[in-house]
Amino acid sequence: MTVAPPQVDPDERTEVLPAVRPRVAPPRTPRPPRNARPARAPRPPRPPRRPPRTFAPLSPRQRIVRTVSMLVAVVSLAFVFFLVVLSAVQHAASQQQLSDAFRAQLAEGTAPVSEGDFEGNLLAGGAPVAMIEIPAIGVREVVVEGTSSAELALGPGHRRDTILPGQQGTSVIYGRSAAYGGPFARLQQLPIDSEIVVTTGQGEHTYRVLGVRYAGESTPPPIGTDEGRLVLVSARGLPYIPTGAVFVDAELTSEVKDRGARFTTYATLPPSAKPFASDTSTVWALVFALQFIVLAEILLLWLMPRLDARRAWIVFFPTMLLGGIWAAYQLTLLLPNLL
């Protein structure tokens, strides 16, 4: 018996869709391992090492010449470096210590008002006696007692034979123009009628600038018995090449204070305290510094044949540098005090 296919209504037609083929992803390129590195080209063979150079032994005269040359080179380089760079650092540190000490004295009422301290003892060189402010040229410095080269390395110095600022009479203050911070480097640029404020143990004193003058020019007329004057002194010319002295005169505009006792006169003032003088009292320290460098260099020359030259220099370079700086500081004290 044959089964007939079912009858399909012509109105019920169905659309036959084509078969959908599955999407196949393209094959991926395998990644190289992370730790894999590209092959490097082989290095060329190293050239054979050169044999160490051998030098002929030096004669005693040549050794002496080499030692002296190294000594001169070390001291010269240390001197220039100290004068231009380290002297300013030393000046800043000294000013900070002096400022702390002077402020403490002002707070306790023991700041000096004469050449002696509050106990009647003569003030030591380098002791703080005042604080000077010159806004027109950006000066704010602690003034110390004394005007020698060593004392002016600390800051501006008050000349011992003159009264303190604010008192009746003329007070003289020296200051360096280049080395050790050069606090009075712009003294020639100070305009007339500028204000100068000085603080001492007697209070705050105000001055008005009268003018700037140079050596050989006429000085202002003498002051009266109830007036005060301030004279600032420094060097003129290029930095480290002074050509003369410059003076700034200023009159006291605040209340005049009583004079303090003075034991030093201009006749008894030591030569090292006058303008452009050098301080030779510490030459012995320079001799010791040079002896220290010579001894260190002798030890260096003795060790170089026994050790590697590089190791010997590593050991002795700080020692030589320390000795050079020590000698350079002593050399700066032999320069003019206003430099």
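Basis of the calculations
- Residues numbered from 1 in each chain as written.
- Predicted model: local features only at pLDDT ≥ 70, side-chain atom pairs only at ≥ 80, totals over all residues.
- Heavy atoms only, no water.
- Phe/Tyr/Trp six-rings, centres within 6.5 Å; stacked < 30°, edge-to-face > 60°.
- Helix = DSSP H or I, 4+ residues; strand = E, 2+ residues; numbered from the N terminus.
- Buried < 20%, exposed > 50% of the residue type's maximum accessible area, 1.4 Å probe, protein only.
- Lys NZ or Arg CZ within 6 Å of the ring centre and 35° of its normal.
- Patch = residues over 30% accessible without salt bridge, like charges linked within 9 Å, V, L, I, M, F, W, Y side chains within 5 Å.
- Areas by Shrake-Rupley, 256 points an atom, 1.4 Å probe, with all protein chains shown as cover.
- Salt bridge = Lys/Arg side-chain N within 4 Å of Asp/Glu carboxyl O.
- Lys, Arg positive; Asp, Glu negative; His and termini not counted.
- Charge placed at Lys NZ, Arg CZ, Asp CG, Glu CD.
- Contact = heavy atoms within 4.5 Å.
- Pairing = 2+ DSSP bridges.
- Axes fitted to C-alpha atoms, helices over the stretch in contact; angles between N-to-C directions.
- Parallel < 35°, antiparallel > 145°, perpendicular 65-115°, else oblique.
- Left-handed = near helix turned anticlockwise from the far one by under 90°.
- Nonpolar A, V, L, I, M, F, W, Y, C, P; charged D, E, K, R; others polar.
- Core = buried A, V, L, I, M, F, W, Y, C linked by side-chain atoms within 4.5 Å.

This next bit is on the packing of aromatic side chains. Tallied over the full model, the rule gives 4 aromatic pairs. Between W284 and F288, the aromatic rings sit 5.9 Å apart at their centres with planes inclined by 75 degrees, giving edge-to-face as the arrangement. Taken together, the positions of W284 and F288, both in helix α3 (residues 283-303) and 4 residues apart, correspond to about one turn of that helix. Residue classification places W284 among the exposed positions, given a relative accessible area of 54%. Here F288 falls in the partly exposed class, since its relative accessible area comes to 45%. One Lys or Arg, R236, reaches over the ring of Y214 and ends 4.0 Å from the middle of that ring.

On the surface, R40, R43, R46 and R49 cluster together into a patch of positive charge. Its location among the elements puts R49 in the segment before α1 (60-108).

Here A136 shows up in the loop between β1 (128-134) and β2 (139-145). On the basis of relative accessible area, A136 is assigned to the partly exposed category, the value being 41%. With 50 residues separating them in the primary sequence, A136 and R186 have C-alpha atoms 9.5 Å apart. If we skip the residues at most four places from it in the chain, A136 touches R186, L190, P191 and S194.

Ordered by their spatial adjacency, 8 strands build a closed barrel running β1-β2-β3-β4-β7-β8-β6-β5, and the pairing between neighbours is mixed. Against the sheet, α1 engages β1, β2 and β5 (195-200), with an angle of about 110 degrees to β1.

Now for the pattern of salt bridges. Scanning all chains against the criterion turns up 9 salt bridges. Between R140 and E133 there is a salt bridge; the shortest N-O distance is 2.9 Å. Take R140: its relative accessible area is 46%, and that puts it in the partly exposed class. If you follow the salt bridges from partner to partner, you end up with E115, E145, R160 and R262 in one network.

Position of S177 relative to the elements: it lies in the loop between β4 (169-174) and β5. Setting aside anything within four residues of it in sequence, one finds S177 in contact with G182, F184, A185, S234, A235, L338 and L339.

A word on the packing of α1 against α3. Between α1 and α3, the shortest axis-to-axis distance is 11 Å and the interhelical angle comes to 130 degrees. Here α1 is positioned oblique relative to α3, judged by the angle of their axes. Remark: the crossing between α1 and α3 carries right-handed chirality. For the pair formed by α1 and α3, the contact residues are R66, T67, M70, L71 and V75 on the first element and L290, I293, V294, E297, L300 and L301 on the second. Residues belonging to the contact of α1 with α3 are distributed by class as follows: 8 nonpolar, 1 polar and 2 charged.

A large share of β4 lies buried, amounting to 5 of its 6 residues. Relative to β4, strand β3 (residues 157-158) runs antiparallel, the two sharing 2 bridges. Note on β4: the bridge partner recorded for G157 is Y174. Bridging between β4 and strand β7 (residues 228-238) involves 6 bridges; their strand directions are parallel. Its bridge partner being in β7, T170 is matched across the sheet by R229.

Bringing the side chain of T110 into the picture now. Along the chain, T110 turns up in the loop between α1 and β1. By relative accessible area, T110 is classed as buried at 18%. For T110, the residues in contact, after removing those within four places along its chain, are Q105 and F118.

With that settled, consider the nonpolar core. In terms of nonpolar packing, the biggest core is built from 25 residues, with I132, I134, I196, L230 and L232 touching the most fellow members. Excluding anything up to four places from it in sequence, I134 contacts V139, L190, E195, I196 and L232. I293, A296, L300 and M320 belong to the second largest nonpolar core, which has 12 residues in total.

Everything listed is a geometric property; what it means functionally is a separate question.
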